[in-house]
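Next come the chains, spelled out residue by residue.
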Amino acid sequence: LLANVPGLILSVGAQRAVLVSVGALSGFLSGLLGIGGGTFMVPALVLLTALPQKLAQGTALLAMVLPSTLGALTHLWLGNTVPILLPGLAVGAFIGSRCGSSLALALSESALRVVCACVLCAVGMRYITQTAKNTAAEIPAGGTNERRNL
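Residues numbered from 1 in each chain as written. Predicted model: local features only at pLDDT ≥ 70, side-chain atom pairs only at ≥ 80, totals over all residues. Heavy atoms only, no water.

A.B. asks: I'm lost on the overall build of the protein chain in this one. Help?
C.D. replies: A count of helices and strands for the protein chain gives six helices and zero strands. Taking all 150 residues of the protein chain together, 14% fall into the buried category. Of all intrachain contacts in the protein chain linking residues separated by at least 6 positions in sequence, the fraction that spans at least 24 positions is 49%. Element-wise, carbon and sulfur atoms account for 71% of the exposed surface of the protein chain, whose accessible area totals about 11,000 Å². (Helix = DSSP H or I, 4+ residues; strand = E, 2+ residues; numbered from the N terminus. Buried < 20%, exposed > 50% of the residue type's maximum accessible area, 1.4 Å probe, protein only. Contact = heavy atoms within 4.5 Å. Areas by Shrake-Rupley, 256 points an atom, 1.4 Å probe, with all protein chains shown as cover.)

A.B. asks: Would you mind showing me how to read the nonpolar core here?
C.D. replies: One broad trend across soluble globular proteins is that nonpolar side chains are buried collectively. In terms of nonpolar packing, the biggest core is built from ten residues, these being V22, M41, V42, A44, L45, V46, L51, A56, A60 and M64. Broken down by element, this core gets its largest block of residues, five residues, from helix α2 (residues 38-49). Each residue touching L45, except ones within four places of it in the same chain, is listed here: L19, A50, L51, A56 and T59. (Core = buried A, V, L, I, M, F, W, Y, C linked by side-chain atoms within 4.5 Å.)

A.B. asks: What exactly am I supposed to notice about the side chain of S26 here?
C.D. replies: Examined against the element boundaries, S26 turns out to sit in helix α1 (residues 12-33). Among the polar contacts listed, one links the side chain of S26 to the backbone nitrogen of M41, at a separation of 3.5 Å. Aside from chain neighbours lying at most four places away, what touches S26 is G37, F40, M41 and M64. (Polar contact = N/O pair within 3.5 Å; in protein donor to acceptor, adjacent residues only side chain to side chain.)

A.B. asks: Please explain the side chain of T49 as it appears in this structure.
C.D. replies: As for its position among the elements, T49 is in helix α2. With a relative accessible area of 1%, T49 lands in the buried category. A distance of 2.4 Å separates a polar atom in the side chain of T49 from the backbone oxygen of L45.

A.B. asks: Could you clarify how one ought to interpret the packing of α2 against helix α6 (residues 109-138) in this entry?
C.D. replies: To characterise two packed helices, one gives the angle between the axes of the helices and the distance between these axes. Running from N to C, α2 and α6 point in directions that differ by 140°, and their axes come no closer than 12 Å. The orientation of α2 with respect to α6, classified from their angle, is oblique. Crossing handedness for the pair α2 and α6: left-handed. Contact residues: α2 offers T39, V42, P43, V46 and L47, while α6 offers R113, C116 and L120. (Axes fitted to C-alpha atoms, helices over the stretch in contact; angles between N-to-C directions. Parallel < 35°, antiparallel > 145°, perpendicular 65-115°, else oblique. Left-handed = near helix turned anticlockwise from the far one by under 90°.)

A.B. asks: Quick question: what am I supposed to make of the confidence of the model for the protein chain here?
C.D. replies: A low pLDDT score tells you not to read the predicted coordinates there in detail. On average, residues of the protein chain score 83 in pLDDT, and 85% of them are at 70 or above. In the model of the protein chain, α1 stands out as the element of lowest mean pLDDT, 83, in contrast to helix α5 (residues 86-106), which has the highest, 92. (pLDDT = per-residue confidence, 0-100.)

A.B. asks: Where do I start with unusual backbone geometry in this structure?
C.D. replies: Peptide bonds are, in most cases, trans, and in most cases residues other than glycine have a negative phi. Its identity is not glycine, yet A50 carries a phi of approximately 65°, on the positive side. By secondary structure assignment, the location of A50 is in the loop between α2 and α3 (53-63).

A.B. asks: Would you explain the packing of α3 against α6 in this entry?
C.D. replies: Their axes nearest at 9 Å, the elements α3 and α6 cross at an angle of 55°. Classed by the angle they form, the pair α3 and α6 counts as oblique. Between α3, through Q53, K54 and Q57, and α6, the contact on the second element is made entirely by E109, L112, R113 and C116. Here the contact of α3 with α6 is composed, by residue class, of two nonpolar, two polar and three charged. (Nonpolar A, V, L, I, M, F, W, Y, C, P; charged D, E, K, R; others polar.)

A.B. asks: I would appreciate a short explanation of a nonpolar patch on the surface in the present structure.
C.D. replies: Together, L25, F28, L32, L33 and I35 line one region of the surface with nonpolar side chains, adding up to about 480 Å² of accessible area. Relative to the helices and strands, F28 is located in helix α1. (Patch = residues over 30% accessible without salt bridge, like charges linked within 9 Å, V, L, I, M, F, W, Y side chains within 5 Å. Salt bridge = Lys/Arg side-chain N within 4 Å of Asp/Glu carboxyl O.)

Now the structure itself:
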């Protein structure tokens, strides 16, 4: 499976276990949070299997096609979508993915890893600060967020 990955010494069974675990957690997070499974899968492949960044990104993109489709259809069936937004988002995603893929191929391996890490950190920090701000806004002046029955 991963025989051509330099520095990786795992039995075939262990390799399969790592790949299935990474895939399962990526799919779970994708379905739970609506994030691309690659958000977890790419760093996991790079760190756990020693795959180069570019191979990890390409592999993750291809691996998430079916799970993303199934998750999207599930949310569509449940009514958790805003269909009027889809054409604009799809066109933008198509253009953006083509441009991003071209840039990824042009960057060095180390530069691509730094860009990936910075984007993940920036998004994570923004999410944390926005959540903290929203949580603080929910707490009334009395210092508690317990609701009182009147």
